[in-house]
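Listed below, chain by chain, are the residues.
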Amino acid sequence: MIRFILSDLRRLWAGSLVVVLLVALATALGVSVVLQERALRLGSARAADKFDLVIGAGGSETQLVLSSVFLQPSPLPLMPGEVLARLAADPRVDWAAPIGFGDSFSGYPIVGTTATLAARLPGGLAEGKVFAREGEAVIGSAVKLSLGGEIKPMHGLPEEGGETHTELVYHVAGRLRPTGTAWDRAILVPIQAVWHIHGLGAEEHQGAEEAGHDHEHEGADHDAHTHHREIDADALLDEKWAADAPGLPAILVKPKTIADAYKLRQDYRSGNTVAVFPGEVLTNLYATLGDAKQILVAVASGAQALVAASLVLVTVIHIGQRRRQIGALRAFGAPRSAIFGIVWLEFFALVAVGIALGFGLGFAAALSLSGMFSQTSGIAMPVGFAREDGGLAGVLLAFAALLAALPAVLAYRQSPAQALRA
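In this text the structure is predicted, and so the values were computed from the model without any measurement.

### Focus: the overall build of the chain
A tally of helices and strands in the chain yields 13 helices and 13 strands. Looking at the chain as a whole, 48% of its 422 residues are labelled buried. Nonlocal contacts in the chain, meaning residues at least 24 apart in sequence, comprise 81% of its contacts between residues at least 6 apart. Carbon and sulfur atoms make up 61% of the accessible area of the chain, which totals about 19800 Å².

What follows is the structure, encoded as structure tokens:
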């Protein structure tokens, strides 16, 4: 029987190939949606796990996490600098690191922060040292620069008509190990250097908006740049925060205990500040992502249903065209069960091969999409099959078995005499 089926498939190779490709493409669409959505969840969750608590000014919690944890450029409101001084003196806080955005270099975001954060990021340094002077920088693992390389910060982004700062040129002092987060593509510099480049200091509050996030004043006039002056690149860092520090868009906080984390979140969720656990914010995003996944899965299921209907039509026509062959087999003594088995196995084999190929194509598509997203965002997105994917394959194969039974039943019911007269 197997030899007969293989011979039949070789003879009808073009039609068999079309059936396999139709099934493969329909399956790949559904598999790629499932794998890509899972990779996005896992990658973003692992990236958010690197940070315990984020504190910012009142506003969107989602945008606060996207900007501070995933380094997505967006204007954030500023909170008073005294919040940082209060956190630094709080006995419940292991360390508190301010972050400031707005500048970039060759497409990499420049993040103003502290030496403490640069040293405490997961994995630590791969080479070099943490910055200790205003003119030094630490780069993420994906930044294509070498130790000692020059970094000329640009105000904003090139596509937005950004302007290169001339007050200070950073030099790479160290490189971080890979973290699988957006920080792999970041350039970390001293926050006080960012303040000084933008003409800010303890005594200059009117420019605080510019230090926190330069995108907030895209339409502002150039007068703000009159504060710029040459900066001493060898100036030592002073990370003892005073109450009159410039405004900040976000502060990353490492509480000493879990209990301290919840207490701090409660304390800073009132007034003009908001405190969030990044994981909780992602849970809300996942709910939206789940709705989008359901829509895409429904689209994929619709495509698979159309393919199934097309296959049924094709096979019914195919069985009609093979009536003489089936009649000849019956005339030579082949039992009905053998005819049923041949037709069923032939069709099921084609669909099963298409499903297997579809899983491979879906995996390759998800891997390609995740790679492109990781390259632009820095977030590692692990693509892989899970146990529930085996259940999906089982459901598809069971459906294929039922689908293959239709042409097999038609062939089973054919009379040899009627088939030979056709």
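The rest of the description comes next.
### Re the nonpolar core
The biggest cluster of nonpolar side chains holds 35 residues, and the ones touching the most others in it are Ile99, Leu117, Trp183 and Leu188. Of all the secondary-structure elements, those providing two or more residues to this core are helix H2 (13-48), helix H3 (61-68), strand E2 (93-99), helix H5 (115-120), strand E12 (250-255), strand E13 (273-276) and helix H9 (278-321). Residue contacts for tryptophan 183: discarding those within four places in its chain leaves Phe51, Ser68, Val69, Leu71, Ile99, Val111, Leu117, Leu121, Gly140, Leu188 and Leu252.

### Structural notes on the pattern of salt bridges
Applying the stated criterion to the full structure yields 12 salt bridges. The closest approach of N and O atoms between aspartate 94 and arginine 120, which form a salt bridge, is 3.6 Å. Of this pair, aspartate 94 sits in strand E2 while arginine 120 sits in helix H5, and the two are 26 residues apart along the sequence. You can call aspartate 94 partly exposed: its relative accessible area is 40%. Three or more residues are tied together by salt bridges with common partners; here these are Arg38, Glu388 and Asp389.

### Re the pairing of strand E6 (residues 136-139)
Walk down a regular strand and you will see the side chains alternate between the two sheet faces. Neither face of E6 is exposed, since Glu136 and Val138 on one face and Ala137 and Ile139 on the opposite face are all buried. The pairing of E6 with strand E10 (residues 170-176) spans four bridges and is classified as parallel. Across the sheet, glutamate 136 pairs through a bridge with histidine 171, a residue of E10. The pairing of E6 with strand E11 (residues 187-190) spans two bridges and is antiparallel.

### Quick notes on the sheet that holds E12
Sheet strands pair via backbone hydrogen bonds, and the direction of the pair is either parallel or antiparallel. What the four strands build is an open sheet, ordered E2-E12-E1-E13; its pairing is antiparallel. The open sheet terminates on both sides in strands that have one partner only, identified here as E2 and E13. Averaged over all pairs of adjacent strands, the angle between strand axes in this sheet comes to 20 degrees, irrespective of strand direction. Bridge analysis of E2 against E12 gives six bridges, and the strand direction is antiparallel. Residue pairing for E12: alanine 97 is matched across the bridge by leucine 252. Along the sheet, H3 makes contact with strand E1 (53-57), E2, E12 and E13, crossing E13 at roughly 70 degrees. Contacts from helix H8 (residues 258-267) reach E1, E2, E12 and E13, with the element oriented near 150 degrees to E12.

### Looking at the packing of aromatic side chains
Evaluation of the coordinates by the stated rule reveals six aromatic pairs. Relative to tryptophan 183, the ring of phenylalanine 51 has its centre 5.6 Å away and its plane inclined at 40 degrees; by these criteria the two rings are tilted. On the criterion of sequence distance, the pair formed by phenylalanine 51 in the loop between H2 and E1 and tryptophan 183 in the loop between E10 and E11 is long-range, its members being 132 residues apart.

The rules behind each value
- Residues numbered from 1 in each chain as written.
- Predicted model: local features only at pLDDT ≥ 70, side-chain atom pairs only at ≥ 80, totals over all residues.
- Heavy atoms only, no water.
- Helix = DSSP H or I, 4+ residues; strand = E, 2+ residues; numbered from the N terminus.
- Buried < 20%, exposed > 50% of the residue type's maximum accessible area, 1.4 Å probe, protein only.
- Contact = heavy atoms within 4.5 Å.
- Areas by Shrake-Rupley, 256 points an atom, 1.4 Å probe, with all protein chains shown as cover.
- Core = buried A, V, L, I, M, F, W, Y, C linked by side-chain atoms within 4.5 Å.
- Salt bridge = Lys/Arg side-chain N within 4 Å of Asp/Glu carboxyl O.
- Pairing = 2+ DSSP bridges.
- Axes fitted to C-alpha atoms, helices over the stretch in contact; angles between N-to-C directions.
- Phe/Tyr/Trp six-rings, centres within 6.5 Å; stacked < 30°, edge-to-face > 60°.

Without other data, these values stay purely geometric and don't point to any function.
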